[in-house]
Amino acid sequence: MSCQQLWDREKSLTLIKLYEQHSLLWNPWEESYKMKNKRNDSLKVIATEIGADVEVVKNKIDSLLSQYRWEKKIAESKSGMGSDEKKTQWLGLKHFAFLNDKFTPRPTYAFNPNKKS
């Protein structure tokens with residue numbers, strides 16, 4: 001398959017669903033998350049089901065994740081502008097809902113040098 005493979009809406013949604021099913025690719029709390037061989041095996045399975053090369057699938061996932069983070073940031077900024085509706089035209093925002101916790105910043109704790117533990 002060429003690098004210029006076309007990704008229609010259905011194929012992109014299928015990729016997102018397969019990505020969700022292979023949680024070791026996106027969930028850092030998954031036991032196999034840091035095992036590169038298992039991650040590569042999961043990518044090969046996804047690539048086979050999609051009918052594309054592994055590198056093409058990896059690039060498309062990276063692209064979709066980048067778009068998701070961008071659209072999520074825009075939707076969050078619009079929510080405070082007096083509008084109750086957070087509308088986006090992008091197809092993947094609701095389909096990537098399983099990642100909402102992953103991209104939410106953790107709370108920070110101020111360092112207090114005078115506090116004794």
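Small disclaimer: the values here were computed from a predicted structure and weren't measured. (Residues numbered from 1 in each chain as written. Predicted model: local features only at pLDDT ≥ 70, side-chain atom pairs only at ≥ 80, totals over all residues. Heavy atoms only, no water.)

Caption draft 1: Main features of the packing of aromatic side chains. Tallied over the entire structure, the rule returns 5 aromatic pairs. Plain terms: the ring middles of Tyr 19 and Phe 96 are 6.5 Å apart, the flat faces sit at 80 degrees to each other, and that makes the pair edge-to-face. Here the residue Tyr 19 occupies a position in helix H1 (residues 9-21), and Phe 96 occupies one in the segment after helix H3 (54-78), the gap between them amounting to 77 residues. For the ring pair Tyr 68 and Phe 96, a centre distance of 5.3 Å and an interplane angle of 50 degrees mean the geometry is tilted. Here the residue Tyr 68 occupies a position in helix H3, and Phe 96 occupies one in the segment after H3, the gap between them amounting to 28 residues. On the basis of relative accessible area, Tyr 68 is assigned to the buried category, the value being 0%. According to the relative accessible area criterion, Phe 96 is buried, its value standing at 2%. Put simply, the rings of Tyr 19, Trp 26, Tyr 68, Phe 96 and Phe 98 pair up and form one aromatic cluster. Sitting above the plane of the Trp 7 ring, Lys 11 keeps its charged end 5.3 Å from the centroid. (Phe/Tyr/Trp six-rings, centres within 6.5 Å; stacked < 30°, edge-to-face > 60°. Helix = DSSP H or I, 4+ residues; strand = E, 2+ residues; numbered from the N terminus. Buried < 20%, exposed > 50% of the residue type's maximum accessible area, 1.4 Å probe, protein only. Lys NZ or Arg CZ within 6 Å of the ring centre and 35° of its normal.)

Caption draft 2: How the structure looks around the pattern of salt bridges. Evaluated as defined, the whole model comprises 1 salt bridge. Between Glu 55 and Lys 58 there is a salt bridge, and its shortest N-O distance comes to 3.5 Å. Taken as a pair, Glu 55 and Lys 58 lie in helix H3 at a separation of 3 residues, close to a single helical turn. Note on Glu 55: relative accessible area 48%, which makes it partly exposed. On the accessibility criterion, Lys 58 (30% relative accessible area) is partly exposed. (Salt bridge = Lys/Arg side-chain N within 4 Å of Asp/Glu carboxyl O.)

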